[in-house]
Amino acid sequence: MIPELGQFALILALGLALIQASVPLLGATRERKDWMALARPAATGQFVFVLAAFLVLCHAFLNDDFSVLYVSLNSNTALPTPYKLAAVWGAHEGSLLLWILILSAWTLAVTAGSRSLPEAFAARVLGVLGIVSVGMLLFTILTSNPFERLFPAAMDGNDLNPLLQDPALVIHPPILYAGYVGLAVPFAFAVAALLTGKLSPEWARWTRPWTTAAWMFLTVGIALGSWWAYYELGWGGWWFWDPVENASFMPWLAGTALIHSLAVTERRGIFKSWTLLLAIAAFSLSLLGTFLVRSGILVSVHAFASDPARGLFILLLLSVITGGALILYAARARHLTVEGGFRLVSRESFLLMNNILLVVATAAVLFGTLYPLFLDALGLGKISVGPPYFNTVFLIPMLPLAALVGVGMHSTWVRMSSESLVRRLILPAGVAVGIGVIFPWIIFGRASALTMIGVSVGLWVVAAALLDPVKRILRRGSAPIALTRGQWGMTFAHLGVGIFILGATVTSSYNVETDTSATPGDRWEVDGYELVFRDIRRVDGPNFQATEGEFEVRRDGRLVTILNPQKRIYRVQTSPMTEAAIDVGWGRDLFVALGDPLGDGAWSLRVQVKPLIRFIWLGALIMAFGGLLAITDPRYRTQRKQEKVQPSSELVETA
Amino acid sequence: MNRRSFIAFVWLLFVGTASAIDPEPPLEDPVIESAYRELINEVRCLVCQNQTIADSNAPLAADLRREIRRMMGEGASRAEVIDFLITRYGDFVLYRPPFQPTTWLLWGAPVLLLGIGAIVFARILRVRTKQPLEESNSLDEMTL
Amino acid sequence: MWRYLIPISVFAVLAAFFARGLNLNPRYVPSPLIGKPAPEFELPQLKNPEIVVGTQDLTGNVVLLNVWATWCVGCRQEHGFLVELAEANDLPIYGLNWKDNRPTAMSWLSSLGDPYVASAFDELGEVAIDWGVYGAPETFLLARDGTVLYKHIAPLTREVWTTEFLPRIIAECGALPCLPVGSE
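Keep in mind it's a predicted model, so treat the numbers as computed, not measured.

Draft legend 1. Main features of the overall build of chain A. When you go through chain A residue by residue, the secondary structure sums to 19 helices and 10 strands. At 27 Å, chain A has a C-alpha radius of gyration in line with the 26 Å of a compact globule built from 655 residues. For chain A, the spread of C-alpha atoms along the principal axes amounts to about 85 × 75 × 60 Å. Considering only intrachain contacts with a sequence separation of at least 6, the fraction spanning at least 24 residues in chain A is 73%.

Draft legend 2. Seen up close, the sheet that holds strand 10 (residues 602–611) of chain A. All names here are of chain A. Spatially, 1-10-9-8 is the arrangement adopted by the four strands of the open sheet, whose pairing is antiparallel. Two strands in the sheet have a free side with no partner beyond their single neighbour: strand 1 (512–518) and strand 8 (581–583). Between one strand axis and the next, the sheet turns by 20° as a mean value, whatever way the strands run. Bridge count between strand 1 and strand 10: seven bridges; the pairing is antiparallel. Its bridge partner lying in strand 10, V512 is registered against V609.

Draft legend 3. Seen up close, the interface of chain B and chain A. At the junction of the two partners, chain B supplies 50 residues and chain A supplies 64 residues. Among the elements of the structure, helix 1 (3–14) and helix 5 (104–130) of chain B are those that each provide at least two residues to the side of chain B that touches chain A. Among the elements that line the side of chain B that touches chain A, the one with the most residues is helix 5 of chain B, at 13 residues. For the side of chain B that touches chain A, a count of residues per class yields 29 nonpolar, 12 polar and nine charged.

Draft legend 4. Inspection of the nonpolar core at higher detail. One finds A184, F187 and I280 of chain A to be the most contacted residues of the largest nonpolar core, which totals 289 residues. In this structure A184 of chain A touches L103, W106, L129, V132 and F283 of chain A, once residues within four positions along its chain are discounted.

Draft legend 5. Quick look at the interface of chain B and chain C. Contacts between the two partners involve 14 residues from chain B and, on the opposite side, 13 residues from chain C. Elements with a minimum of two residues in the side of chain B that touches chain C: helix 3 (59–73) and helix 4 (78–89) of chain B. Looking at the side of chain B that touches chain C element by element, the count peaks at five residues for helix 3 of chain B. Residue composition of the side of chain B that touches chain C, grouped by class: seven nonpolar, four polar and three charged.

Draft legend 6. The arrangement of helix 17 (residues 449–474) of chain A in detail. The first and last C-alpha atoms of helix 17 of chain A sit 35 Å apart over 26 residues, in line with the 38 Å expected at 1.5 Å per residue. Residue L467 of chain A marks the point of greatest curvature in helix 17 of chain A, where the axis turns by about 40°; the proline P469 of chain A follows within four residues.

Draft legend 7. Expanded view of unusual backbone geometry. Geometrically, the link from F151 of chain A to P152 of chain A is a cis peptide bond, its omega value of -5° lying close to zero. If you trace the backbone, P152 of chain A turns up in the loop between helix 7 (119–143) and helix 8 (167–182). The residue after A136 of chain C, namely P137 of chain C, is reached through a cis peptide bond having omega -5°. With a phi close to 50°, D527 of chain A is a non-glycine residue in the positive phi region. By the secondary structure assignment, D527 of chain A is in the loop between strand 2 (523–526) and strand 3 (529–540).

Draft legend 8. Structural view of the packing of helix 3 (residues 39–62) of chain A against helix 6 (residues 92–113) of chain A. Residues and elements named next belong to chain A. Orientation of helix 3 relative to helix 6, taken along the N-to-C sense of each, is 150°, at an axis distance of 9 Å. Classed by the angle they form, the pair helix 3 and helix 6 counts as roughly antiparallel. The element helix 3 and its partner helix 6 pack so that their crossing is left-handed. Residues R40, A43, T44, Q46, F47, V50, L51, A53, F54 and L57 of helix 3 form the contact with helix 6, whose own contacting residues are G94, L97, I100, L101, S104, A105, T107, L108 and T111. Here the contact of helix 3 with helix 6 is built from residues that sort into 12 nonpolar, six polar and one charged.

Draft legend 9. The pairing of strand 5 (residues 558–563) of chain A, seen in detail. All names here are of chain A. Both strand 4 (residues 544–555) and strand 5 contribute to a ladder of five bridges, which runs antiparallel. Along strand 5, the bridge assignment pairs R554 with L559. What sits between strand 4 and strand 5 in their antiparallel hairpin is a turn of two residues, with D556 showing a positive phi close to 50°.

Draft legend 10. Region of interest: the sheet that holds strand 5 (residues 119–122) of chain C. Residues and elements named next belong to chain C. Spatial strand order, 5-4-3-6-7: five strands in an open sheet with mixed pairing. Of all strands in the sheet, those bounded by a partner on one side alone are strand 5 and strand 7 (148–153). Neighbour to neighbour, the strand axes of the sheet diverge by 15° on average, direction disregarded. Bridge count between strand 6 (residues 138–142) and strand 7: five bridges; the pairing is antiparallel. Across the sheet, residue L142 finds its bridge partner in strand 7, namely V148.

Draft legend 11. Just the packing of helix 17 of chain A against helix 18 (residues 485–510) of chain A, in detail. Residue and element names in this part refer to chain A. Between helix 17 and helix 18, the shortest axis-to-axis distance is 8 Å and the interhelical angle comes to 160°. Between helix 17 and helix 18, the angle is such that the two are roughly antiparallel. Like other packed secondary-structure pairs, helix 17 and helix 18 cross with a definite hand, here left-handed. On the side of helix 17, the interface is formed by T451, G454, V455, V457, G458, L459, V461, V462, A464, A465, L466 and P469, while helix 18 contributes T491, H494, L495, V497, G498, I499, I501, L502, T505, V506 and S509. Residue composition of the contact of helix 17 with helix 18, by class: 15 nonpolar, eight polar and no charged.

Draft legend 12. How the structure looks around the confidence of the model for chain B. On average, residues of chain B carry a pLDDT of 84, and 81% of them reach 70 or more. ipTM for the predicted complex: 0.90, alongside a pTM of 0.92.

What counts as what
- Residues numbered from 1 in each chain as written.
- Chains lettered and ligands numbered in written order.
- Predicted model: local features only at pLDDT ≥ 70, side-chain atom pairs only at ≥ 80, totals over all residues.
- Helix = DSSP H or I, 4+ residues; strand = E, 2+ residues; numbered from the N terminus.
- Rg over C-alpha atoms; globule rule 2.2 N^0.38 Å.
- Contact = placed C-beta atoms within 7 Å.
- Pairing = 2+ DSSP bridges.
- Axes fitted to C-alpha atoms, helices over the stretch in contact; angles between N-to-C directions.
- Nonpolar A, V, L, I, M, F, W, Y, C, P; charged D, E, K, R; others polar.
- Core = buried A, V, L, I, M, F, W, Y, C linked by C-beta atoms within 7 Å.
- Buried ≥ 20, exposed ≤ 12 C-beta atoms within 10 Å, placed from the backbone.
- Expected span 1.5 Å × (residues − 1).
- Bend = angle between axes of the 7 residues up to and from the residue.
- Parallel < 35°, antiparallel > 145°, perpendicular 65-115°, else oblique.
- Left-handed = near helix turned anticlockwise from the far one by under 90°.
- pLDDT = per-residue confidence, 0-100.

Here you go:
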């Protein structure tokens, strides 16, 4: 009975979303205040019912209700409780419900945060968000109902895929979706601006915090996914250019470009078409990702059970939303351009380069991801496009961009003399390149050209990011100008980029990987570490049995750590799973994975030493932290409307 | 259960499964061994199609690694091994797409896009350089 | 002015490809052997290891080569149909027993029926690699001169037999049953 209530809640949510998607938009065109006023209550109501449906599904999982088909396919009585909850979004139908919940949560946030916006504009924003909600709710109700029943109910469930039985499942999808879906907000702002026919620099100031917030979640979400793949999938890789990884990365690239383009639009009122197009593109890429994962059109480890009928529905949704926005763009964007001059050496110019290079990178990743589909559809054969292609191709726009990050940060608006720019930056650049070229040789004894370039660029970005804060701290005596929150945000965000580049370069260049076989009692050496295979034993888990090895790791005679990799067999799904043992360190990760028993007590093993790999995720977290700082800048506090009666007469200044 | 029957039990559990780890010791010549490692990280596993054969636990992946290892140990060049694979499985088996007429556009795309980007940049700059400049307020020069 | 139409045009082209792509199977790997001579091999027979079976047995007539194994669920599904085909005696069916256990395979055939003229025992899977096998069951159709005419991946069903195999067989033989070369 209760699952049917969940279904009913979804239908009610759809009804409210339909109101939210239509009436306020009509009201904005016809200037009917009462129609526009329906937006907020409709959005709030929609959130309530979507949340109710979501809670009903959670309830079904927590109570082992195997009469619900989705629960029986993804859970089991022996599944530990946190994973029962996470299993709610472990497969297609439930993760779609999570998508919709997060969209309605963002919409709710917009209803609260948009009170100081012009009424017609706010109504349009909520209306557009409503259209997206309608599309996704229809998709769920018509093709992907999570509350479908199983008669007769299963005795026990199929269990959650063992690969997903991990703490990361609890946080990675919600945070990733918060980012992915959150890009709908700047999208809605962009479409609302196009509908209104006007785009003021104020518009950019409204849109920026929402964009940065979504981007922040997306950054953390992608980093979590990468980290999870690293320790869970057994063999120590952290990015595979899998189509679904690319599907989350492209919105990130577009979102990064959008944040920077918004900066120019806010400050100078120009780059409006860029900003609008990037806002439309970022969310469209999110929707595209949703399409790629759920339609079965590409092969991916993330692909949910695919179904061409579902694929067709999402394609239609994508066509309406993206196609509609782009047609609106084609019709109206040209009327929004304004004059605003700048020179070759200026912040605008560097941000334009930034826009272009990020768009090139996004387009290159998109092209590579879709190329096998293009060839197959044209009957020209079947190829695969994987890491060898992407690793090469991605660097082509990104290395120049990384170098420019340091330069753009330090240039003034409108125009700057190249001499003063060079004067400012020559010392940190020189130091970065000097260290970048020499240190790899000193520490590792060898370095390729690409390694030296990568390390230099990474150090350069770090130096450039820290240049101003360090200068201001050192100049404390002579009336320093404090950095604003926004500037601190920029500092940290770019610092994060530099640290990421350092981690990615060093770990790719100096990763040591060996496959060997050993018997308990053996000792051998890997990259300066001495390993001893001490023991192999059987271990029981809550829903699995495992063989566990014990390895002692020493360096220069001193004990570093004891590692216990496991080979698990989950009771229900019975396929063997490797659980690698990792010794985490800022300087390097030590990674040991058990392979197969080879007879006579011998086991095959993979041992890896991965220098600076933690910097990859540290860099991402620092980037996200920078975003957080930027959002909390007081200039985004909205000015209360003059008409409203204030309890206090304070007005918050806008920058 | 005692140690021997435990090991036998474990061995039975894993019969018929493979792992991505090669049980044999590394090839004697480190240059060939590293060429081998590099190549198997570029060959797509046809069973679990989103992994390389270096990372895949599928039996076919283990068989292919064994074949490649043998061939390279006997002196086959990278090109010869690639040719061996493509003759049997087609271009799909390589994660590095071959450079041929159907993929010229793929390999050329990044440079082409960069070229288009450069042209776009030049045109926009030409327009903007002719437009009136705004007075720059040096105080908020660092405002992003 | 026209540049504002570029985004929507690009999107339209992409959408067209996506629509087409929904009807394709991205996991399907077409065989590069089609139209080429069958790979050379020689393996011991499953039931009589002293006798070899190889490419020379497959030439001279239109034959099927079916890749199978006892651990393969799909092989179990198609086996009944293969036995039917063998009883109709339209053309010889050879087996390639892929990475299997000899006693298990033999008892499998004796309990479920043996549709094969002979099964080659490919213990290490090396011959299967030569044939580009990646997912059992797979069935190859070979012409009289040993050219690979067609490869089907997944269990063989009557529907596939009628739509894909029969037309090609008739084109080769003229009529069923296919007679070996030189037996007019």
